[in-house]
Each structure stands twice: as structure tokens, then as C-alpha cells.
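Fold and geometry: a report
Single-letter residue listing:
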Amino acid sequence: MIDLHTHSTASDGSFSPSELILYAVDKGISRLALTDHDTLAGLDEASKTAAEAGIDFIHGIELNIEWPKGEFHLLGLGLENAHPSLHSLIDYLQENRKKRNEEIINKLKNIGIDVSFQELEDLFRTGSIGRPHIADYLVSRRFVKTRQQAFDRYLAKGRSCYADFRGAELKDAVAAIKKSGGVPVLAHPMSLYVAWGKLPGVLCEIFETGVEGIEAWHPGARVGECKRLEETGRQIGFFITAGSDFHGEKRPDRKIGKTAGQKSIDDRFFTEELAPALERARNRSL
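Just so it is clear, the model here is predicted, and its values are computed rather than measured.

Rules and cut-offs
- Residues numbered from 1 in each chain as written.
- Predicted model: local features only at pLDDT ≥ 70, side-chain atom pairs only at ≥ 80, totals over all residues.
- Heavy atoms only, no water.
- Phe/Tyr/Trp six-rings, centres within 6.5 Å; stacked < 30°, edge-to-face > 60°.
- Buried < 20%, exposed > 50% of the residue type's maximum accessible area, 1.4 Å probe, protein only.
- Lys NZ or Arg CZ within 6 Å of the ring centre and 35° of its normal.
- Helix = DSSP H or I, 4+ residues; strand = E, 2+ residues; numbered from the N terminus.
- Contact = heavy atoms within 4.5 Å.
- Core = buried A, V, L, I, M, F, W, Y, C linked by side-chain atoms within 4.5 Å.
- Pairing = 2+ DSSP bridges.
- Axes fitted to C-alpha atoms, helices over the stretch in contact; angles between N-to-C directions.
- Salt bridge = Lys/Arg side-chain N within 4 Å of Asp/Glu carboxyl O.

1. A word on the packing of aromatic side chains
Applying the stated criterion across every chain yields a total of five aromatic pairs. Each ring, one from Phe15 and one from Tyr23, has its centre 4.9 Å from the other, and the planes form 45 degrees; the classification is tilted. With 5.2 Å between their ring centres and 75 degrees between their planes, Trp67 and Phe72 make a pair best called edge-to-face. Judged by its relative accessible area of 25%, Trp67 falls in the partly exposed class. Among the residues examined, Phe72 registers a relative accessible area of 2% and is labelled buried. Sitting above the plane of the Phe269 ring, Arg268 keeps its charged end 4.2 Å from the centroid.

2. Side note on the environment of Thr126
Tracing the chain through its elements places Thr126 in the loop between α4 (117-123) and α5 (131-140). Taking the relative accessible area as the measure of exposure, Thr126 reaches 16% and is therefore buried. Sequence-distant contacts of Thr126, defined by excluding residues within four places in its chain, comprise Thr9, Ala10, Ser11 and His133.

3. Section: the nonpolar core
Counting residues in each nonpolar core, the largest one holds 68 residues, and the members touching the most others are Leu32, Leu63, Leu74, Ile206 and Leu274. What Leu32 contacts, discounting residues up to four positions off in sequence, is Asp3, Thr6, Leu20, Ile21, Ala24, Ile55, Asp56, Phe57, Ile58 and Ile256. Of all hydrophobic cores here, the second largest spans 20 residues; its members include Ile104, Leu120, Tyr137 and Leu138.

4. Structural notes on the pairing of strand β4 (residues 72-77)
Look at any regular strand and the pattern is simple: side chains alternate between the two faces of the sheet. Counting buried positions along β4 gives six out of six residues, so the element sits mostly inside the fold. Burial along β4 is two-sided: Phe72, Leu74 and Gly76 facing one way and His73, Leu75 and Leu77 facing the other are all buried. In this sheet, β4 lies alongside strand β3 (residues 56-65) in antiparallel orientation, the contact comprising six bridges. In the sheet register, Asn64 faces β4, and the bridge partner there is His73. In this structure, the hairpin formed by β3 and β4 is closed by a connection of six residues, where Gly70 is found at a positive phi of approximately 70 degrees. Of the pairings in the sheet, the one linking β4 to strand β5 (residues 183-186) comprises four bridges and is antiparallel in character. Within β5, the residue paired with Gly76 across the bridge is Pro184.

5. Re the sheet that holds β5
Strand order in the open sheet formed by seven strands is β1-β2-β3-β4-β5-β6-β7, and the pairing between neighbours is mixed. Each edge of the sheet is formed by a strand with only one pairing partner; in this case those strands are β1 (2-6) and β7 (239-242). Averaged over neighbouring strand pairs, the angle between their axes works out to 30 degrees when direction is ignored. The sheet strands contacting helix α7 (residues 170-179) are β3, β4 and β5, and the helix crosses β4 at an angle near 10 degrees.

6. Considerations on unusual backbone geometry
One non-glycine residue, His188, lies in positive phi territory at about 25 degrees. Summarising the element assignment, His188 is placed in the loop between β5 and α8 (199-208). In the Ramachandran plot, Asp245 falls in the positive-phi region, its phi being about 55 degrees despite a non-glycine side chain. Mapped onto the elements of the fold, Asp245 is located in the loop between β7 and α10 (268-285). According to the relative accessible area criterion, Asp245 is buried, its value standing at 5%.

7. Describing the pattern of salt bridges
Under the definition given, this model contains 20 salt bridges. When the shortest N-O distance is used, the salt bridge between Arg234 and Glu273 registers 2.6 Å. Placement of the pair is Arg234 in helix α9 (residues 223-236) and Glu273 in helix α10, with a sequence separation of 39 residues. Since its relative accessible area comes to 7%, Glu273 is described here as buried. Here Arg282 makes a salt bridge to Glu279, at a shortest N to O gap of 3.0 Å. Here Glu279 and Arg282 lie together in helix α10, a separation of three residues that amounts to about one turn. Look at Arg282 and you get partly exposed, because its relative accessible area is 35%. Where salt bridges share partners, they join Arg31, Asp56 and Asp267 into one cluster.

Encoded structure:
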């Protein structure tokens, strides 16, 4: 088994980068990509542990992209050396995260919930705090019983304390990933919230920006949807990836090395799909 989409405590996962690697080894994973949200902070630690544990490690990231509806997340897989443009993009996204978090905290305070932005930052020592962290903060303060309840009452889109997050421009993110030796992959396409009838056209536009892969297989979609996404993606020219979007204990429904329908992620998604794309990326940089 392999996994091309996982998270650590560097963003919103429950395992540290080292713990994630050791957990993956214990579960029989032979190849793993760490793709934390808008940060590279966990990669060095994970890479070092992976080398010691004998697991093939893929440097990655998951970037938030500006999108009018739903969510657009872009994976950068196989990053060799982070280009200054990628660091600048991450700085931009982290600043936007901070502004959004402050806005959410202020909205919570305005409806009588006694919370503090400083307390939030002290509780989660990561540069990539997001709504899941705020939800966990509300649980820890006993304002809600569960993370889901926090979203349902306050944090989900349309709720009283929701705040928009401004993402990166797609063309800038694609260029930064490629300059860093990686390949850009559209993560969990169903999150775009595009109707099936319009999706092929939208995917064609995304492909034309330079996005090379599509994560057709993701546990947030049904198996039938994944098959349809894979077929559509191949027709357009994307290579196909699969991931678990593993977050550890914070998302117990997502199992490392498993994708839609709890199917094991076969190494063909690397050897037949990602590896050739990475080889093309290396040849472009020569």
C-alpha cells in the first residue's frame, strides 16, 4: 500500500511528522506523501524518519486556491527544492489564515462566546491553524461537545461565525510547484462543487492552466464517482492519483493507505501515474 495525501500536526493532523511515518510503517505503507495545508514545516522531520524507517517519502504540500464555490485544493507532489515563489505563496496564505482566524474569533466573541486568539495560538503551535483547530478549541473550552457540533453551530459556511479564506491564484500556485520540481495535482475534485454536466469543461480549463494530475480516488467520494472522475480525467489528459487524506484521530473515518470504498491504494498510482510525471518534471528542469 501507498498513500499520496496525508496530514500531520504541521497543519491539522493528529500525528507529528515522525509519528505519522512510524504509524504508516506499522500499517504496511511502503510509500507516503506528506501534504500539509499551506506549509512545508513537517517535511524535514518526516523525511529524516522515513529514511531511518526505510519508507519511500514524497515531499508534498496542499495549497488553498481561490475558488468561487466549494473548495479548490491543489497538491504539489515530489517537491525537490522549494523555490522562493513557493515560500512567498505560503507566506501569503498563512497571513490570510491568520486574518480569517482573527475574524472568526471576533465573531464568536460578538455572540457571547469567551474565546481568545492568543489562547488559540498557544493551544495549537502550528503556522497552519484552520477551522478544525478552532472547532477543537471550542470543544476544549466546553462550548460544544464535538468538532462536528462546532461546525454545525458556528463554523460551517452559512453559519454565524463563518469567514471566507482567500486562497492563492491557481496560475501562481502551479508555477511555484513546478519551479520547486514538483507536479500539481487537483485534490478531491468533488469539493469543487461543480455539477457533473459542467465538470468536464471546468476540468479542461484547470488542465490548461498546467495542472497535471487529478486525485480521482478520495474517501470523500463514492466509488462510482471515483471511476467516473478517473475516466473523465484520462480523457482530458490528467494522470490519476489516489489518497486517503489521512488526519489521524481527528478524522477516524479516513484510514491511512485506504481511499474510496476503503480500497487499498495500489502502488500503480505511483509507478504508472505519478512517477512518470515526476520524471517529466525533472527533464523539464534540466
